[in-house]
Every structure is written in structure tokens, then in C-alpha cells.
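Notes for the structure review
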Number of protein chains: 2
Amino acid sequence: MRVRLEDVARAANVSPKTVSRVLNDEANVTEATRQRVRAAMEAMDYRPHPSARSLAGNRSFLVAMLYDNNDNPSSTYLAEIQDGVLEACDAHRYSMMVRPLRMRDGDFIRRFDALISDHHPDGVVLTPPLTDYAPLLKRLRERNVPYASVSPLRKGKTLGVTMDEQQAARAIVDHLLALGHRRIAHVIGIANHGASRWRLAGYRDAMAAAGIPEDPALVVQGAFTFASGVAAARQLLSLPTRPTAVFAANDDMATGVMWAAGEYGLKVPQDLSVCGFDDTPLSRQLWPALTTVQQPSREMGKMAAEQLLGELRNHGSGRLVQVPFSLQIRGSTAAAP
Amino acid sequence: MRVRLEDVARAANVSPKTVSRVLNDEANVTEATRQRVRAAMEAMDYRPHPSARSLAGNRSFLVAMLYDNNDNPSSTYLAEIQDGVLEACDAHRYSMMVRPLRMRDGDFIRRFDALISDHHPDGVVLTPPLTDYAPLLKRLRERNVPYASVSPLRKGKTLGVTMDEQQAARAIVDHLLALGHRRIAHVIGIANHGASRWRLAGYRDAMAAAGIPEDPALVVQGAFTFASGVAAARQLLSLPTRPTAVFAANDDMATGVMWAAGEYGLKVPQDLSVCGFDDTPLSRQLWPALTTVQQPSREMGKMAAEQLLGELRNHGSGRLVQVPFSLQIRGSTAAAP
DNA sequence: TAGCAAATTGACAGCGCTGTCATTCCTGCC
DNA sequence: GGCAGGAATGACAGCGCTGTCAATTTGCTA
């Protein structure tokens, strides 16, 4: 029934060990032999048994993706990253498991340990905000588990992917400035996310460069959710002199701002320009469509996984790569009234 | 370093096989022995090696969750189901893998076969619309892979979870009728989802029971997305005599309807009542909050997985369970104007 | 109290692969 | 032409567990 490595070996007239070598792309196999073995594998539709490989080779061909579904309300973002990670794992014939792990939980490390002991992943992909949770990083190093991060805050010797979010945020605020806006508000994201800090920093950079002193009333705290965007906007739009533009730290909050603008009888973009960050599918579906920064989440998940897999293959090859951003100028921003 | 079953056996002064029996909850072990072995496992923090178990026992302790990320735009819904499935798998010490599989792709079955051959899942959890994709179900049976479905359309000998969506839809339309509405519109979901049919059927049941003949102009096609809700609402609100209430087949579309109402200068709920289906987090964040049907997605994922795992443990024990729904009457519905 | 069936326990092989190390096969060079 | 040295290949054990079946113990009955 099942085709085993031994069967392939017999068909190709070589020893099982040689088939194993071909399977694992090892050196010291003549090209002719390699071809012959590959042909036999193909012809017999051979599929190595992952458990056998794992048991004998002492590795699992498993990558675990960790996320915190408590402090990360945007399931769309996570879903896209997950898709990307999965794609990369698939291409390299690794399997992937996902794992919610809540930083707020007291037994975080115990759960993490259990994950490692139970499943022996060869490596781990970290998503915000876990990318910078010190106890986790410490434990990963102690247990000698390679990991790659998506958008880590601290960029040391970490593997993974980043985007220059600060530059991106600055660019989008520059866009608002270029449209003549001066009273530009910012809605901050969840505090412990690097994203929140960078986007705020980019906002400040742009404002400072334009010579506009910061008005504390225009910088309000949000939480990356639609509801927090609505609340923040209500606060901003109730101001004696309200802003003419709002840069929200993500699209969900920007949508909330647009919603709230409706409540106040303000037209977007005529009365209020609004922009977000992430370029979620939602942003294109709104009317007017949302001006935002394209963050290629799926691609970032894929690249992070690829760095990890590269590192697993030949130690030391993993890097921290940076992906480019691009502004998506759409209907929600216009010249200042 | 690693604690093996053999080590536990030595510590408990029994044979490895007996430890294995305890590990797998097999019969024919005296309670005293069982306790002794359990104590030893506990004391040594023994973790069975999944690959070894899998290889020797010819099972993988793996559940694959299949989804179609093409025809299923609501990542929130999938994320919740995934969380639920994961929770159940965890509790039973199974691992879970997720797998996007697009019905539209020509090589669907080939990909599915590859999944099974490569990973040997002990069972599969199906999410809509895969729950009713005939070629997939056929292949699952041919390959003898047990599966459980979340909200399957056809309820035969299928294992899994359902909700009486038709009753639920009827209940929510009854709610609108009780508020005095007569011109009630419905926005349908994606065609090949059971959910779309049931919700439409429930709408019709309620209208018929109230003696209101169906007005075809009031029943428009949507696609479960926010944008499709906006489009559908524009169509409805442009009608010579527009509806006083809209029942959208899910919350995302209902949100689109509320959005479009704003465009037309209509106040919700004073001028237009809107209700959705699913009780996504979004529905509570809107203002006014959305009247909707609570569909416990996370719980449903968990229960589907539990039926599957039960079936795996003792063949024949899996069932098709039904979860109750509940209306969430909130601010988006009010008496007819 | 012997005698027998059922319950409990254990010995042993083997799941399908890879690591280690031995063996064979080539090269190129004196 | 013979030989060193490296490249290619293979033999074999064993990864950590479970299935099979045999051995032993237990609990009953007569």
C-alpha cells in the first residue's frame, strides 16, 4: 500500500541511504544517481513519512506560529500573516502549527514550554506583540529554538521582517500636509505594540519637519479597534477647534473615525480627511475608500517564515529583511477646507 | 536528557508496554498500577514523543482544519472557529493544522490528496462552504478519513455542529414584524453557502406567516462583505417606496447597510431598522449597536472538533449536535416609522 | 483446595526513516 | 601501472513508541 523509501531504493537500484540523501538534498551523490532516484520517487509518487523522518532525524519539520489573540484584535491581520507563513512552510515541505499564547496569562512560559516539549517545532514565528516579550525571547534562547519575527520592535540580531513604519507614517502625514492641512490629529494604537510607537513617531517627525508645534489635544489614545476609533474621533471632533485631518494608526480605527464623522454631520473628505494604516481589505470597501499605507502582511508572514527556514537549513543565513511600503492615496483625503 | 517511556517504566517498576497502556487509557491495567505509573509520569514530567507514537501506532494525533479563504471573506468567523477547534484539540492532546483549499482551483482534489498523503491527519474539520463540496466529501470517504463539519448544509450522517439558522432568521424577522415593520428587505449571502439559503428561508417563513406577499425588489443578492452590503443597500434605498427595515444575512453586510443609510441621510433606527446575523465583535462596536443573532462560532468550532475526536476515540460515537441561538436585540432596530 | 477462565503484565519485533562508519569506486599523479 | 586520497555508496543499528502474542497472576467455581 504505502510506498516506502525502501521501495524507491529497490526501484532505483540503490541503497535506502542513498535515497535518503537525495530526499534531503545532501552532497556526495552523482548527478546521474540523483536523477535516477528522483525519477523513481516521481514515478511511484513517493511521500516520506513525516513521523519516521522526524524520529530518526531528530527534527520535526514543524514551524509554530505564535500569536496573542488577546492583545491583537485584528484577526484579519493575523489571518494574512498566517496565510503567508503557511505558504512558505508549504513550499519548503514543512508543516505549520498555530498557537495562541496570551502574555497576560500567568502561566505564559509554562504553556510555551509545554508547546515546545509536546511538539518540538524546529522553529517559531513570532507576531506582534509577542515579538518583544522579553521572557519569551529569553526562553526561546535558553531552549535554543530558532525564531523569526514579524515587525519586531527591537531590531538586534533578530531574524524576520520589518517595514519602515516610522517613515511610512511620516509619508502619510506629509501627504496630509501637502494637501494644506495644519490641524492634523493622530489616534494611537495599543501601547505595547511597536507599531503604535513608530506610527506616532512618524507623525511627530512630519509635524516637526513642517514646523507645527504638537498640540496634545490632537493626539489621543486608541486601541486598534473600530470602537476605539469612534471614541477617539468623538473626543477630537468635540474640540473647540477641531482637526481638519485625522491619521489613525490603523484602518479599523480610521473606519471608526469616518463613522464618527458621520455622527457629527461631517463629510469625508470635504470636511474631514481621514487616513489609516495597513491597507486591509476593508479600506477599499469603504466609501470613500480609505487613504492608507499598504503593509503587505501576507508577504511579511511569508518572508519571516522564509528567513526562519533559511536559518534552519544553513545556520547563520537568516536575516532581518525590510519590505517597502507604499501609500494608497484614495478618496478619504482631500485639500484642507 | 529527554525522559522516555522506558525511563518511566523503570521508575514505576513495570514494563514499557504497561506505561504505554496507561498513556493511552487502555483497559486491563489495575488501578494501583495505573496510579503508580501516572505518578511516575508526573514526577518525571514525561512527554511522549509524538513522532514515535505516530510511527509505531500508525496514527498521527493530528486534526486538519480545512477552509476556503477565497469564498469566505470573513476572517473573523474563521479565526473564531479555528480558536475553538484548537482548544478542543489541545484538551485531547491532539495537534491541529490549518489548510486553505480553494474550491475554485482546478487541482483541489490533488491538493487535498497531497495534504492527506503528506501529513496523515487522523481526522478533518470542515468549514463552510467546504462542508458541502461533493468531490471533497467523496474523496474523504474514499480515503476513509473521518471528518466533522461546522454548519453543514446537508445533514445526513455527517458529524459536527449546526445551528437552526432558519429558525433564527425567522425569529429575527419576527422581531422586526413585531415592531410594526411590513416592508422588510433581505440581503442574501454568497450563493453556495448553506447559511445564505437558511437565512433566506427563515426570512420567507416569517413573512409568509405574517401574510405579507414577497416583493422581489426587496430581496437582493449580497456576498457577505461590507462592500456588498453597501451596494445592496443603495439598491434598496433607491426604490420608490423603500423598506423600513433590512435584515442582512450577516453582520458585515448589515454594517454596510448602516453605512449606506448614512449616505442617504437616513437615521438608524429611526428611519431604518437594520439587523444582521453572527454577532461578530464588530456588531457591538457599532453605534447604534447592531441587532443580530448570536452564533457561537468559537463554541461551534470546539464542538465540531470534539465530535470528531470522540469519533476517533470510539468509532460511532460522533454526532451532529445542534447549538442554540439567541437574538441580540440592540439599538439598530426600532418601531417602524 | 484444586482447576480453569479471565484479567493483567511483559517480551519482542518493527513502524520508516537517518546517523555513523565502513567499503567501494574513482580521480590524478609520480 | 600503481597508489594515495577523496568522492560515492552501502550496511547496520536505533530513534521512542505500540501491536502481537505469550506468560503470569488473579478470582471463581465446584
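Residues numbered from 1 in each chain as written. Chains lettered and ligands numbered in written order. Predicted model: local features only at pLDDT ≥ 70, side-chain atom pairs only at ≥ 80, totals over all residues. Heavy atoms only, no water.

1. What to know about the domain arrangement of chain A
To keep things clear, this is the line we draw: Domain borders in the structure are assigned automatically or taken from a domain database.
Along its sequence, chain A is carved into domain 1 (5-48), domain 2 (62-163 + 299-324) and domain 3 (165-295). In this structure, domain 1 of chain A and domain 2 of chain A have C-alpha centres spaced 33 Å apart.

2. Observations regarding the pattern of salt bridges
Put simply, the rule is: One side-chain nitrogen of Lys or Arg within 4 Å of one carboxyl oxygen of Asp or Glu is enough to make a salt bridge. In this text, helices come from DSSP runs of H or I with a minimum length of four residues, and strands from runs of E with a minimum of two, each type numbered from the N-terminal end. Exposure classes here rest on a 1.4 Å probe applied to the protein chains alone. A residue is buried below 20% of its type maximum, exposed above 50%, and partly exposed in between.
Considering all chains together, one arrives at 48 salt bridges over all chains under this definition. Between Arg139 of chain B and Asp113 of chain B there is a salt bridge, with its nearest N and O atoms 3.1 Å apart. Taken together, the residues Arg139 of chain B in helix H7 (residues 134-142) and Asp113 of chain B in helix H6 (residues 108-119) connect sequence positions 26 residues apart. Residue Arg139 of chain B is classed as partly exposed on the basis of its relative accessible area of 22%. Classification of Asp113 of chain B by relative accessible area gives buried; the value is 16%. With a closest N to O distance of 3.2 Å, Lys138 of chain B and Glu142 of chain B form a salt bridge. Separated by four residues within a single helix, Lys138 of chain B and Glu142 of chain B lie in helix H7, roughly one turn from each other. The class of Lys138 of chain B is exposed, set by a relative accessible area of 52%. Linked through salt bridges whose partners overlap, the residues forming this network are Asp113, Lys138, Arg139, Glu142 and Arg143 of chain A.

3. Focus on helix H11 (residues 251-263) of chain A
Residue and element names in this part refer to chain A. The line we're drawing: Residue count minus one, scaled by 1.5 Å, sets the expected span of a helix.
The end-to-end C-alpha distance of H11, which contains 13 residues, comes to 19 Å, matching closely the 18 Å that a straight helix rising 1.5 Å per residue would cover. For H11, a buried count of ten out of 13 residues is recorded, marking the element as mostly surrounded by other parts of the structure. Along H11, the residues classified as buried are Asp251, Met253, Ala254, Thr255, Gly256, Val257, Met258, Trp259, Ala260 and Ala261.

4. Focus on the protein's contact with DNA strand C
Heads up, the rule is: What makes a residue near a molecule or strand is one non-hydrogen atom of that residue sitting within 4 Å of it. Pairs of N or O atoms are called polar contacts if they sit within 3.5 Å, as long as, within protein, a hydrogen donor faces a hydrogen acceptor (for residues adjacent in sequence, only side-chain-to-side-chain pairs).
Lining the immediate environment of DNA strand C, one finds 26 residues, of which Leu5, Ser20 and Tyr46 of chain A together with Arg21 and Thr33 of chain B sit closest. A share of 66% is what sugar and phosphate atoms reach among the atoms of DNA strand C within 4 Å of the protein. One nitrogen or oxygen atom from the side chain of Asn24 of chain A is found 2.8 Å from a phosphate oxygen belonging to DNA strand C. Separating a phosphate oxygen of DNA strand C from a side-chain N or O atom of Thr33 of chain B is a distance of 2.7 Å. Within the residue set of the surface near DNA strand C, elements represented by two or more residues are helix H2 (16-23) and helix H4 (50-57) of chain A together with helix H2 (16-23) and helix H4 (50-57) of chain B. Among the elements that make up the surface near DNA strand C, the one with the highest residue count is H4 of chain A (four residues).

5. Observations concerning the interface of chain B and chain A
Applied cut-off: Any two residues whose heavy atoms approach within 4.5 Å at even a single point are treated as in contact. A quick way to say it: buried area is the sum, across both parts, of accessible area lost when two parts are put together, with a 1.4 Å probe.
Taken residue by residue, the interface counts 40 residues in chain B and 40 residues in chain A. With both chains or domains summed, chain B and chain A bury close to 3500 Å², and 54% of this area falls on carbon and sulfur atoms. The interface formed by chain B and chain A holds four salt bridges in total. Counting the contacts that link chain B with chain A gives 15 residue pairs in polar contact (both at pLDDT 80 or more).

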